[in-house]
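# Summary of structural features
Here is how the chains run, residue by residue.
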Amino acid sequence: LLKVAVVILVYLALGPQALANDGWQQVDASAPFVDRNGVARFPSCSGAPEPPSFATPSPTEFSFFYRTGNPRKLLIAFDGGGACWDSLTCLGSVVAGDPVYDPVIDETPANLDAAGGLGDRGNPDNPVTDYFQVFIPYCTGDLHTGSRDTEYALPGLEKRTIHHRGYDNVVAVLEWLADYYTQVVGQPPGEVLVTGASAGGYGALFAYPAIDELLPWWTRKRAFSDSANGIINQDFFDRALTPEGVWGVWDNMPAQLANAFASGPDTLSIALNQSLAWSYPRTRFGQYTRAFDAVQIFYLNIAKNLNSPELWADPTQLLVTALEWSVKARASMLISALTSFNYRFYLGSGFAHTAIADNSLYMEESAQDIRLIDWLDDMINRRFPFGSDWRNVACLSNCLP
């Protein structure tokens, strides 16, 4: 209470810029609670076996981070960190010492303070430098969508429960934000950017309806997905994204996205973009990826060869998968753009993965010589998109680095 009182007094005395240079603060959010819709939530990290003995689970406490700024402008950023959806990915990769997802939170206030990209408040090109910023870590292997504890087993090992509670974690942060804006700020933000990288890009889109529900119609809203182009196969879809799936995605399914998820794996990415754009015509949606994103290709290759871990990093398999992923990712963005007036994409060249958390955000200009940061700035700030850098752009003959 004392800290809240100090925040209120400083804000009233000095205005919204008074808190702009504060560092990141960590908030424990691991306690179970009942959300505003009456749903019981159990925030948690995965509880995956902890190396080297694998006899005990890893820490399950969930926390998130915020950094003060102008509360009239709000950034909500979703962290990335892989995914797991069966015994081999959720347990086997951990036992092998090379997990394909982040089972615990590895961020600290210190390393977030040192982050680049949108986290770099010292860069004059950063369009969100003065925003009140919230960072949602990721430690559940479920793309921030889950509300289920699932038991997995490997031969020769005891069964282990993985807490796919990513969406419960998101709701915990949104409840905190709603209380903060009601009790401390006293009014909702006038501008909001929802973004995420990799797994966080999916989380940002899946949670967007819940975020929009907390905001008045007049808040200017933007959603930007970085390196999260959902090219998947039938097996992954059946295991993770159906009502019976291991993550419990449908326990949290927004009504606006139900038809998109019901459409199946081949059209999910397009249908998701369309559903959001059509449901929220006042919101701008932007998507960025590189033409041969090595990490997204790697995960599609895992899904295609799920029961053959020796092929997950096989060069020949990866080459075949790279060609498949690149063609489908480009087609997905093109069709989404042709059918949604408030959606734009930026398809850059190369193999690298994500941009918003490092300084490649300011150097990327491989799509028709338009800088990604200028594209994003126009998406966020330019009143009218016509004639701006926020347009559909892609590398053409120069898509390899």
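Scroll up to find the structure this text is about.
Described below are features of the structure shown in this document. Once a new chain begins, its residue numbering starts again from 1 and follows that chain's sequence as written. Predicted model: local features are reported for residues with pLDDT of at least 70 only, side-chain atom pairs are reported and counted for 80 or more only, and whole-chain, interface and lining totals are derived from all residues. With hydrogens and water set aside, each side-chain value is computed from the structure's full complement of heavy atoms.

Secondary structure elements follow DSSP: runs of H or I no shorter than four residues count as helices, runs of E no shorter than two count as strands, and numbering proceeds from the N terminus. Tallying secondary structure elements over the protein chain gives 12 helices and 13 strands in all. Computation of the radius of gyration draws on C-alpha atoms, with the globule rule given as 2.2 Å multiplied by the number of residues to the power 0.38. Rg of the C-alpha trace for the protein chain: 20 Å, near the compact-globule value of 21 Å for 401 residues, within the 12% margin. Dimensions of the protein chain along its principal axes, counting C-alpha atoms only, are 65 × 50 × 40 Å. For every residue, the accessible area obtained with a 1.4 Å probe (protein chains only) is divided by the maximum for its type, and the residue is called buried under 20%, exposed over 50%, and partly exposed between those limits. Burial status across the protein chain gives 59% buried among its 401 residues. Residue pairs at least 24 apart in sequence account for 75% of intrachain contacts in the protein chain once pairs closer than 6 positions are excluded. Working definition of accessibility: Shrake-Rupley area with a 1.4 Å probe, residue cover restricted to the visible protein chains. For the protein chain, the computed accessible surface area is about 16500 Å², with 58% contributed by carbon and sulfur atoms. In this analysis, two residues are considered to be in contact whenever any of their non-hydrogen atoms come within 4.5 Å of each other.

So, on to helix H5 (residues 199-213). The length a helix should cover is 1.5 Å for every residue beyond the first. Here H5 spans 22 Å end to end across 15 residues, near enough to the 21 Å set by a 1.5 Å rise per residue. Along H5, the sharpest change in direction is near 50 degrees and occurs at Ala-207; proline Pro-209 comes one to four residues later. Counted residue by residue, H5 has 13 buried out of 15 residues, so it is predominantly covered. By definition, a residue's bend is the angle between the axes fitted to the seven residues ending there and the seven starting there.

Burial runs high along strand E11 (residues 284-290): seven of the seven residues are buried. Of the two faces of E11, the one lined by Arg-284, Gly-286, Tyr-288 and Arg-290 and the one lined by Phe-285, Gln-287 and Thr-289 are each fully buried. In this description, strands pair whenever DSSP reports at least two bridges between them. Sheet analysis places strand E10 (residues 220-226) next to E11, joined by five bridges and oriented parallel. Bridge pairing links Ser-225 to Gln-287 in E11. Taken together, the six bridges between E11 and strand E12 (residues 343-348) define a ladder with parallel strand orientation.

This part covers the pattern of salt bridges. What makes a salt bridge here is a side-chain nitrogen of Lys or Arg within 4 Å of a carboxyl oxygen of Asp or Glu, nothing more. Counted according to the given criterion, the structure contains 17 salt bridges. Asp-235 is the partner of Arg-239 in a salt bridge, and the nearest nitrogen-oxygen pair spans 2.8 Å. Remark: Asp-235 and Arg-239 occur in helix H6 (residues 234-241); sequence separation between them is four residues, near one turn of the helix. For Arg-239, a relative accessible area of 29% corresponds to the partly exposed category. Owing to a relative accessible area of 31%, Asp-235 belongs among the partly exposed residues under this scheme.

Turning to the packing of aromatic side chains, a few remarks are in order. Pairing of aromatic side chains requires ring centres within 6.5 Å, counting the rings of Phe and Tyr and the six-membered ring of Trp. Pairs whose planes differ by under 30 degrees are stacked, by over 60 edge-to-face, and all others tilted. Taken as a whole, this structure holds 20 aromatic pairs when the rule is applied. Their ring planes at 55 degrees and their centres at 6.3 Å tell us that Phe-65 and Phe-135 sit as a pair that is tilted. Taken together, the residues Phe-65 in strand E4 (residues 63-67) and Phe-135 in strand E6 (residues 131-136) connect sequence positions 70 residues apart. Judged by its relative accessible area of 0%, Phe-65 is buried. Classification of Phe-135 as buried rests on a relative accessible area of 12%. By the ring-pair criterion, three or more aromatic residues cluster together here, those being Phe-64, Tyr-66, Phe-132, Trp-176, Tyr-180 and Tyr-181.

By convention in this document, the label disulfide applies to cysteine sulfur atom pairs within 2.5 Å. Across all of its chains, the model carries three disulfides by this definition. Between the sulfur of Cys-45 and that of Cys-139 lies a disulfide, 2.0 Å long from S to S. Handedness of the Cys-45-Cys-139 disulfide follows from its S-S torsion of about -80 degrees: it is left-handed. Of the two residues, Cys-45 sits in the loop between strand E3 (40-41) and E4 while Cys-139 sits in the loop between E6 and strand E7 (148-152), which places them 94 residues apart along the sequence. Cys-139 carries the same exposure label as Cys-45, and that label is buried. Here Cys-84 connects covalently by a disulfide to Cys-90, the sulfurs 2.1 Å from one another. Residues Cys-84 and Cys-90 are joined through a disulfide that is right-handed, its torsion about the S-S bond being 90 degrees. Like Cys-90, Cys-84 is buried.

Time to look at the pairing of E12. Where burial is concerned, most of E12 is hidden: six out of the six residues are buried. Of the two faces of E12, the one holding Tyr-343, Phe-345 and Leu-347 and the one holding Arg-344, Tyr-346 and Gly-348 are both buried throughout. Of the pairings in the sheet, the one linking E12 to strand E13 (residues 393-394) comprises two bridges and is parallel in character. If you follow Tyr-346 over to E13, its bridge partner there is Val-393.

This is a description of form; function is not addressed.
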